[in-house]
Each structure stands twice: as C-alpha cells, then as structure tokens.
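Examination of the molecular architecture
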Amino acid sequence: MDPTSLAARLAPHTVDPLVRKLFRTDGPVTELVGRPVPIALLVSFTGEKPELSASDLDELAASLVARATGAGDPDLAAALARTLRALAETGMDDVDAARLLPAEFARRLCARVPGAARPLAGDRARLYGLLVDVVARHVLYFLTRRSPYVAHTLAEQTRTLAELIHGPDAAAAAPPERAPGESATPNSPVPHGTSSGEDAVDEDAFEEEYARRTAALHNHLTIYGIDLAHSPDSWPLDAAYLGLQCEPGSPEDDPPLPAERALAGRGRVLVRGVAGSGKTTLLQWLTVATARDELPDALAELRGRVPFLLPVRRFARAGLPAPETFLDAVGYPDAGRAPAGWTERVLAEGRALLLVDGVDEAPEDEREQLRRKLGEWTGRYPDNVWIVTSRPSAVPGNWLADEGFGEVALAPMSREDVAAFIQRWHRAAAQQRPTDLDRLAGYERTLLNAVRITRDLGRLATNPLMCGLLCALHRDRRGYLPHGRKELYDAALSMLLERRDRERAMGAPDGVELTRQPKIQLLQKLAHWMLIHGRSEMDRATAVATLAEHLPAVPDAARQGGPEEVFRHLLNRTGLLREPTPGTVDFVHRTFQDYLSARAVVQRHDFPLLLEHAHHDAWEDVIRMAVALARPDECAALLDGLLAPHAGVRAAEARHRKLLAAACLEHAAELDPAVRARVQRFTRDMVRPGTPSAARALGWIGPIVLEMLPDPTQAPDPEAVLLAITATSIADDMAIDYLTGLRDRAHHDIRAQLAGAWRRYDTARYAREIIAHLDPAELYFPVSGPEELQALRRLGGRPHLRIAGYFTPDQLVEGIAPAEGLTRLWLAYDLGVSMEWLSAFPNLDTLRIGHRIPPVQGVPDGIRVVRR
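Residues numbered from 1 in each chain as written. Predicted model: local features only at pLDDT ≥ 70, side-chain atom pairs only at ≥ 80, totals over all residues. Heavy atoms only, no water.

Details of the overall build of the chain
Note the following rule: Numbering of helices and strands runs from the N terminus, with a helix taken as a DSSP run of H or I at least four residues long and a strand as a DSSP run of E at least two residues long. The classification of residues rests on relative accessible area computed with a 1.4 Å probe and restricted to protein chains. Under 20% of the type maximum is buried, over 50% is exposed, and intermediate values are partly exposed. We call two residues in contact whenever any of their non-hydrogen atoms come within 4.5 Å of each other. Per-residue and other accessible areas were derived by the Shrake-Rupley procedure at a 1.4 Å probe size, with only the shown protein chains allowed to occlude residues.
Tallying secondary structure elements over the chain gives 39 helices and 17 strands in all. A total of 868 residues make up the chain; the buried ones form 55% of that total. Of all intrachain contacts in the chain linking residues separated by at least 6 positions in sequence, the fraction that spans at least 24 positions is 68%. Roughly 35,500 Å² of accessible area belongs to the chain as shown, and the carbon and sulfur atoms make up 50% of that amount.

The structure is reproduced here in structure tokens:
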C-alpha cells in the first residue's frame, strides 16, 4: 500500500465519523465536566446498554480497512477490531491519554492485545500499524474536542493534534515523531531492519527491541500504600529496589553477601527464600539490569546475555516450555514477531540468562518432573546461566545438586536493612508532595524507634513485603500499628479495599461501588479456588465463572453488575489482583492469597480440608492463618487434628504436621491450656535435630520452639552445636536468653555460631550478653556495621576480626581499637583499594581474604595473606 494513496483514502472527513462512533453520544459522561473522565466510561461498546454492539464494532473496523485498501481483508479487520476494543481497557482517563503522542497511545493500545496482528505479515502488517496510528490520532483529537477541560489543560497538545490531522502536512503518510530507535509502526509485527517487501526479520533489531521491551515490562515494583491518594500502584524498579542479602550455610563461610556478589561466578544456582523475601524482585532486577546492560561489575559475566524470566505458575501443569514458546511464557507482548528459531539459537549459543521463578508454585506431585526437565535442559544447553527460586520448604536440600546447581538463601532483613528500607520508603513518599508532607519525617522517626524496641513489630519486619505494609499502615493510621500478623493483614486489607479509592476521589468510575466486606467475600472465593486447585494464577474466564457462581449470595455486589463488571472492579480497584498476562489473573502477592484462602476455609468450617493437606508445604501459611482466624474450639480441634495419625501420611510428613502444630501456637489468640500443653508434649522430643540442615529448618517455627528446646547447659558439645544453630536461626531477641546457656562453651563451632549471629539481634544487648562472654581464642568476631565496631571498642577490642560489611579503610583504622590488639583480619568484601593502610595495626600478622575477592596489592611486609 502506497502511503500517499493511504493518506488520500483516510482523510479526516472519512475517519472522523467512524471514530466518533466509538464514543457515547448521550448520558452523564458526555457532559462538560471540569475533571478527567476514564476512557472506559466514554466508549460506546461497553456497559449494560452499549450503543455499539460487538458486530457493529467489527463492521466499523471493516469499514476502516475497506476505505484504506479499497477492498475487504477479514484478518486485518479482525486485528483492528481487537485493538479498538482495547480502548475500554487502557486504565487511562482522557487527560492521561491526551498527554501522550499518538505513537505512544497506539503502542499502548497494541500492548493490550498482544498477538492481535500475528496472522498478518509484510505489507498487511505495516498497514495494520498505519491504521492504528491514524485511529490513535483521531481518538486523541476527539478527546480534546469533547472536553473543554482537556483542551484547556493541554492546549499545546490540542494544537499539535489539530495540525497533525488538518494541517497542510497532516496526511497519515508518515507516522508522528518517535523516540530514536522506535519501530516505525508501533507493535506491528515488522521490526527495525526489515526492508520493504521482506517477510524476514532482522535478528539484531529484534534482539534490541526485545531487550528494550523486556526491561519496560519488568521495571516496576509494588510498594504498598506510599500515597493512597496520589501515587501509582507501582514504582520504577531501578528507583525502589533495595539490595538483598544472601545467607551463608555455616558461620565459617562468607558472611551474608549482597545478592549480586553471592550469585557472581555461578552458572546454576537455586535461590531459597520465604514468602515476601524478594525472590521475584531479585529476578526482576536481574532481568532489567541485563536487558539494559546495567549490571554491576560483580555480575559482569552476565553482560550481553538475553534474559528470560519464566514464572513457574504460568506453566506449572504443562511443564517447562519449549524454546518456541519461551516468549509466550515470559509474557512478551509480541511473541509472534520473533525470527523463526531465534530462541533456540540463543540457547544453543549459550547466550541466555534463564530465570525460573517459584518452584513452590508448581503442584507438589509435579515438581519432580520439573526437576528432571531442568536437568535435561541444562544438559542440552550447558553454557547458559540458570537461576531458580523456591520457598525453603518446597523442595529438599540439594534438590538440584545432581544437575550442577549450588544453593543460596535470601537472608532475613537485618536491623540495618529494615532501617534503610523505612528511610527509603518515606523518601519515596515525600517525593509525591503529599498533603501530610510535614508529618512524614515524624512518622519515619517513630516507626524506626518502634521497630527497634517493640518485639512484635521487630518480628514482623523481616522482609520487604512486611516492611512496606508496616510503613503504609503506620502512616495510614497516624502512628498506630497492629502487633500481630492477623491484625496486620486485616489492617492492610482495610487500607487497600476501603481507603484506596476514597482517598483518590475515584467515585465509581466503572459503575460498581462496593464496601470492604463484599470485596473480601468475593476475593476469598477466588483465593479459595486457587487453594483447592493448587494454583497461584487462574484464567480470567475461570475467575468470572467463579464470581458468577457466588454473586447471588452477595447481594450488594449482584445488584451493581454482572460477574464481568464485578471482576473488572476487583481487578482495577482493589489493589490486590493483577493481570500478569492477558487473560490471566493472580494476587499481587502470594501472602494475600494465603490469608484470604484461610478466611474462606474458616468461614466454610472446612477444617477437614486443611487437615487433609497439612503435610503439603503450600498449605503451611494457610493453616497458620486459619489458627489465627478460628474460634477457640475450632482452633483446638485443628491442632489436635495435626497431632493425630492421618491415613496415607508418611513418617516424615507426620513429623512435619506436628511441628506445624507447634508453629501455630503463637497465632492462637485464645486456646485451652490443655491443648497447648498437649502440642508441646508431642513435639518436645522432636526438637532435637540430628543435622545442621534440620537444626536450621526448626527456625521456621519461630520463637515458640525456644520453649521446647532442651536445657543447653546439659547438652554435650555435638548436640549443643545443633541447638546453637536452631536458636540463632530464630531472629527474635527472645533467643538471646536461650543462647546465654551456651556462651561459656569452649567448643569452637559453638562460639563461632554465636558470634556469627550477631547481626540478627539488638547490637548492644547481644554484645553485652553474648559477645562479651565468648572466649576469643582462634575466633573471628564479625563486624557488619559501625554499631558493632563501636561495641567491640567498648569491650576492649578483639584480636581476630572478620569484616562482614562495607567500610572504608579510614573507618576501619579509626574504629578498630586498640590498634595494637589486632593480630588477624579477615576481609569478606573487596574494599577496592591498595592495602598500605594495614600498617596502622603494628601487630597484624595475617590477612585472610574471601575467595571471591580479587588479588590484593600493597600489603605491608610481615603480613601473611591467606586466601580461603
């Protein structure tokens, strides 16, 4: 199609009447209002009484195609009709849209219907792109003419659009301005580098486009409640990402390392982390940094790789996708544009970074098949880098060891991490210029103090998700915070479901206005469906059908719309659901799904369902929350059921069920003392771990296990080592009291375990009650922050120090005192400077450096360098 000919056929007087049919001609949405209006309320083909039927919209698209080509083209018309329907799903209001250039608005429309133009190729694909461009211009111009408010607010944009359409050079022959390197036809199946008349795709151009669009797809983080009235639901990842730490397997290993250092040099690694610890965020960051070529020096070996972020929930039942379907699995909007065999070639050449997120989201009976498939693929494509994530209890230790995978674990946030998160959260909130700007600094100070001195809050603030909720709720409630996990979730739901739209002055833009309780009831139905089907994602059609089944029982919702309208309301207005890919829906975080599932089960009195699945790791958090939600008699029956024999349950699973009962005790608001005693009696002999890994696994139970551990003063050294591992795995200051029974032991492994856990507890108290009592002989004392360095100075220094945090040489020279007392120094991090500064320590005879640190220079004479 010649562009000049197309311009003549699609003159303004031809296109304008057709575009106008896309919008309503009567009703309140056409009134001249002095505020933005959602586009979804303006279009004529949605709502209870659409002015334009589905067939009418198809005919309108066919008319545009016919006028452009002089003939019919059913495939082209169908692609255009699908794109026009996306006007109702942009999530924008008329002001948001009119601020965009037509090319960007067209791109966003196309992004809502990935694959719409997949059946097209060559000239027909380019024609599709040009048609969408033309329609986008006319839609934006219509929005500015329709509303004097928009026209006045965006006067310059209105003039620009008028010139594009009616000016002397307004022909649609050339698309409007685009950013350098942007495709000539947004989202059309023909990328850069495709010459006229060719169907072949230039691989270099596609790879550049894939990197750009992949970075945009994943460059966002949800930060709960930063500013309910004004903030977006997500923030740029590069601005909001808080560096995560990975934990060592033993105290004699490296101290907790920044994730990028822990992953450096590893071609295959399994990353374990509890819910909310940041596993998905870490993989998102790796994806974006790789796609943008912005990786830190520690991960330089990943530069130039092609990232594929593969959420297991999208292919859990079908198995690891084949190369030809990788782009669909990662949610790439235009998978059909990829050159034939491109993904296979990237894998075969060993250029891929494969990020497999959430093994725990595959059903338990299918994880072994997933493991075998990973083994096959790593064998077939050996030179690629594989990073897999999972909750800790979902798969056994060394689950992928035979496939060559090492393991790291995301560490709980230290006190310093929590403080940094709270400070960054409030800085981000202040950047929005909120109405409570003058109070934010006070909120930050009081929350930092509360988390430090309040035991319950300190136990909750262990991962980014919980820290974000605490910050949001503390601000939302003007300094008041709930103290338990159940209360925290209840308050979070209230904030997200009640205050979000009210503080944004949203009204009822979609025609549905629900209070908190109906929303919770309906969201529970979706969560319950996912629970019993072992899913963390569901098809949109299934979600709508589930709501249709339960709507009659929720009259407040049923009288406001059908299941489709209510579903859209829950998706767009609650902040709890999202569409990870077109046609699917999940909860913004698995934690909310588990909590709502527990509410649904308790309301249905379906405790046998919980007992039937209690030995499955995916049900652990649901059961713990159910105990918190249940009435005392229900709670007692559930705990007794966990202790009782259960048909078909193996010995190891029975042990797991009993330990889960112990873990639930802290969540029970009211419980018969006899039941509590019975749980403790059944589990007391089970908390004598036989291996270090089993000892660490007890940490997930929480502080309640401290009540059941044997007296440490009576345990022989081999058992005491394991007890020390268990107690130091519990990041609660209650553990300090138990650890005092081990502080006078001479056994090196016990002393090393206690010293290595310092960063998890209150610095001053731990120094006073534990560090001060440890025999320093042959023991390296870790220092991860200035407070620990100062605490050691107050204790008179120690001869052997392990620098486990970032310091400058000047900080170390000033902080390590007395200088003459230091004889051995272990550097776990690369300071990036020459070592002449070590001459400040006259008796230093040994410098020990971590195996990941490059060779050091400038070490003074007389100091021996030992590389681990």
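That covers the picture; the talk isn't over yet.
Section: the sheet that holds strand 3 (residues 245-247)
Two modes of strand pairing occur in sheets, parallel and antiparallel, and in both the strands are linked by backbone hydrogen bonds. Put simply, the rule reads: DSSP-based pairing: two strands are paired if at least 2 bridges between them are found. The convention used is that axes are lines fitted to C-alpha atoms, helices contributing only their stretch in contact, and that angles between N-to-C directions extend from 0 to 180 degrees.
Reading across the sheet, the seven strands line up as 4-3-9-5-8-7-6 and stay open at both edges, with mixed pairing between neighbours. Each edge of the open sheet is held by one strand with a lone partner, namely strand 4 (257-258) and strand 6 (306-311). With four bridges connecting them, strand 5 (residues 268-272) and strand 9 (residues 406-410) associate as parallel partners. Each bridged residue has a counterpart across the sheet, and for Val 269 the counterpart in strand 9 is Gly 406. Across the sheet, helix 14 (residues 279-291) touches strand 5, strand 6, strand 7 (352-357), strand 8 (385-390) and strand 9, and the angle it forms with strand 7 is around 160°.

So, the sheet that holds strand 16 (residues 846-849)
Taken together, five strands build an open sheet; the order of strands is 13-14-15-16-17 and the sheet is parallel. Here the strands that pair on one side only, and so sit at the sheet edges, are strand 13 (781-783) and strand 17 (864-867). Each adjacent strand pair in this sheet contributes to an overall mean axis angle of 20°, direction not counted. Strands in contact with helix 38 (residues 786-794) are strand 13 and strand 14 (800-803); relative to strand 13, the strand with the most contacts, it is inclined by about 135°.

Description of the packing of aromatic side chains
Within a pair of aromatic rings, the relevant descriptors are the distance that separates the centres and the angle that separates the planes. Keep this limit in mind: Any two rings among Phe, Tyr and Trp, with Trp reduced to its six-membered ring, count as a pair given centres within 6.5 Å; such a pair is stacked if its planes are under 30 degrees apart, edge-to-face if over 60, and tilted if neither. Lysine and arginine charges are scored as sitting over a ring when NZ or CZ, respectively, is within 6 Å of the ring centre and within 35 degrees of the ring normal.
Within this structure, the stated rule accounts for 15 aromatic pairs. Aromatic rings pair up to connect Phe 206, Tyr 210, Phe 308, Phe 326, Tyr 332, Trp 342, Trp 377 and Tyr 381 into one cluster. The ring of Trp 377 is capped by Arg 380, whose NZ or CZ atom sits 5.4 Å from the centre of that ring. Against the face of Trp 826 rests Arg 802, its NZ or CZ located 5.2 Å from the ring centre.

So, the environment of Arg 573
On the secondary structure map, Arg 573 appears in helix 26 (residues 563-573). It is 7.9 Å that separates the C-alpha atoms of Arg 573 and Leu 497, two residues lying 76 residues apart in sequence.

With respect to the environment of Phe 807
Along the chain, the position of Phe 807 falls in the loop between strand 14 and helix 39 (809-815). A relative accessible area of 8% places Phe 807 in the buried class. For the pair formed by Phe 807 and Leu 831, sequence separation is 24 residues and the distance between their alpha carbons is 7.5 Å. With near-sequence residues (within four places) excluded, Phe 807 lies in contact with Val 783, Ser 784, Gly 785, Pro 786, Leu 789, Leu 812 and Leu 831.

Observations concerning the pairing of strand 8
Counting buried positions along strand 8 gives six out of six residues, so the element sits mostly inside the fold. Burial along strand 8 is two-sided: the residues Val 385, Ile 387 and Thr 389 and Trp 386, Val 388 and Ser 390 are all buried. Here strand 5 pairs with strand 8 via five bridges, running parallel. Note on strand 8: the bridge partner recorded for Leu 270 is Val 388. Pairing between strand 7 and strand 8: four bridges, direction parallel.

A few points about the environment of Pro 392
Within the element layout of this structure, Pro 392 appears in the loop between strand 8 and strand 9. Accessibility expressed as a relative area gives 36% for Pro 392, which makes it partly exposed. Sequence spacing of Pro 392 and Gly 273 is 119 residues, and the spatial spacing of their C-alpha atoms is 5.8 Å. When neighbours within four sequence positions are excluded, Pro 392 is seen to be in contact with Arg 272, Gly 273 and Val 274.

Some words on the packing of helix 29 (residues 620-629) against helix 31 (residues 651-664)
The criterion, for reference: Note on angle classes: values under 35 degrees are labelled roughly parallel, values over 145 roughly antiparallel, values of 65 to 115 roughly perpendicular, and the remainder oblique. In this scheme the crossing of two helices becomes right-handed for a clockwise turn of the near helix relative to the far one and left-handed for an anticlockwise turn of less than a right angle. For this classification, the nonpolar set comprises Ala, Val, Leu, Ile, Met, Phe, Trp, Tyr, Cys and Pro, the charged set comprises Asp, Glu, Lys and Arg, and every other residue, Gly included, is treated as polar.
Two elements in contact, helix 29 and helix 31, have axes whose closest approach is 9 Å; the angle formed by their N-to-C orientations is 40°. Considered as vectors, helix 29 and helix 31 are oriented oblique to each other. Viewed along their axes, helix 29 and helix 31 form a crossing whose handedness is right-handed. Contact residues: helix 29 offers Glu 620, Ile 623, Arg 624 and Val 627, while helix 31 offers His 656, Leu 660, Ala 663 and Cys 664. Class assignment of the residues belonging to the contact of helix 29 with helix 31 gives a composition of five nonpolar, one polar and two charged.

Focus: the pairing of strand 16
The two faces of a sheet get side chains in turn, since along a regular strand they alternate between them. Residues Thr 846 and Arg 848 of strand 16 are buried on one face, and the alternating residues Leu 847 and Ile 849, pointing to the opposite face, are buried as well. Summarising the sheet, strand 15 (residues 824-827) and strand 16 pair through four bridges and their orientation is parallel. Directly across from Leu 825, in strand 16, lies its bridge partner Leu 847. Pairing of strand 16 with strand 17 involves four bridges; the strand directions are parallel. What sits directly across from Thr 846, in strand 17, is Arg 864.

Notes on the side chain of Arg 371
Within the secondary structure layout, Arg 371 lies in helix 17 (residues 364-380). Apart from the residues within four sequence positions on either side, Arg 371 is in contact with Trp 399, Leu 400 and Glu 403.

Some remarks on helix 8 (residues 122-146)
As a reminder, the rule being used: Helix span, as expected, comes to 1.5 Å for every residue beyond the first.
With 25 residues, helix 8 ought to run about 36 Å at 1.5 Å a step, and its terminal C-alpha atoms sit 36 Å apart, in line with that. Most of helix 8 is tucked away: 22 of the 25 residues are buried.

Regarding the nonpolar core
Convention followed: Nonpolar core, defined: a set of buried Ala, Val, Leu, Ile, Met, Phe, Trp, Tyr and Cys residues in which side-chain atoms within 4.5 Å join the residues together.
Counting 152 residues, the largest nonpolar core has Leu 639, Tyr 766 and Leu 825 as its most contacted members. Not counting the four nearest positions on each side in its chain, Leu 639 is found in contact with Val 627, Ala 661, Cys 664, Leu 665, Leu 671, Val 675 and Val 679. Membership of the second largest hydrophobic core comes to 51 residues, among which are Phe 45, Leu 60, Val 132 and Val 139.

Looking at the packing of helix 4 (residues 54-69) against helix 5 (residues 74-85)
Two elements in contact, helix 4 and helix 5, have axes whose closest approach is 8 Å; the angle formed by their N-to-C orientations is 120°. Classified by the angle their axes make, helix 4 and helix 5 are oblique. Handedness of the helix 4/helix 5 crossing: right-handed. Together, Ala 54, Leu 57, Asp 58, Leu 60, Ala 61, Ala 62, Leu 64 and Val 65 of helix 4 and Leu 76, Ala 77, Leu 80, Ala 81, Leu 84 and Arg 85 of helix 5 make up the contact between the two elements. Split into classes, the residues belonging to the contact of helix 4 with helix 5 amount to 12 nonpolar, no polar and two charged.

Concerning helix 24 (residues 540-550)
Note the following rule: For this quantity, the arc is that covered by the directions from the helix axis to the C-beta atoms.
Within helix 24 the residues assigned to the buried category are Arg 540, Ala 543, Val 544, Thr 546, Leu 547 and His 550. In a view along the axis of helix 24, the buried residues occupy a sector of 160°, so they form one face of it. Those residues of helix 24 that are exposed and aimed more than 90 degrees away from the buried face are Ala 541 and Glu 549. The secondary structure elements touched by the buried residues of helix 24 are helix 23 (516-532), strand 10 (538-539), helix 26 and strand 12 (584-587).

Focus: unusual backbone geometry
Cis geometry is found at the peptide bond from Ala 817 to Pro 818, where omega equals -5°. Its place among the elements puts Pro 818 in the loop between helix 39 and strand 15. With a phi close to 55°, His 605 is a non-glycine residue in the positive phi region. Considering the arrangement of structural elements, one finds His 605 in the loop between helix 27 (590-603) and helix 28 (607-612).

Thoughts on the confidence of the model for the chain
Interpretation of this model should avoid reading the predicted coordinates in detail wherever pLDDT is low. Applied cut-off: For every residue, the predictor assigns a confidence score, pLDDT, that lies between 0 and 100.
For the chain, the average pLDDT comes to 82, and 86% of its residues sit at 70 or higher. Low pLDDT (under 50) marks residues 227-232, which in the prediction has 16 contacts with non-local residues, meaning those over four places away or in another chain.

Quick notes on the pattern of salt bridges
Note the following rule: Whenever a carboxyl oxygen of Asp or Glu lies within 4 Å of a side-chain nitrogen of Lys or Arg, that contact is scored as a salt bridge.
The tally for this structure, following the rule as stated, stands at 41 salt bridges. Between Glu 207 and Arg 351 there is a salt bridge, and its shortest N-O distance comes to 2.8 Å. Here Glu 207, found in helix 11 (residues 203-218), pairs with Arg 351, found in the loop between helix 16 (342-348) and strand 7; they are 144 residues apart in sequence, far enough to count as distant. Given a relative accessible area of 24%, Arg 351 falls into the partly exposed group. Among the salt bridges present, the one from Arg 678 reaches Asp 640, with a minimum N-O distance of 3.0 Å. With Arg 678 in helix 32 (residues 673-684) and Asp 640 in helix 30 (residues 632-643), this residue pair connects regions lying 38 residues apart in the sequence. On the basis of relative accessibility, which here comes to 26%, the residue Arg 678 falls in the partly exposed class.

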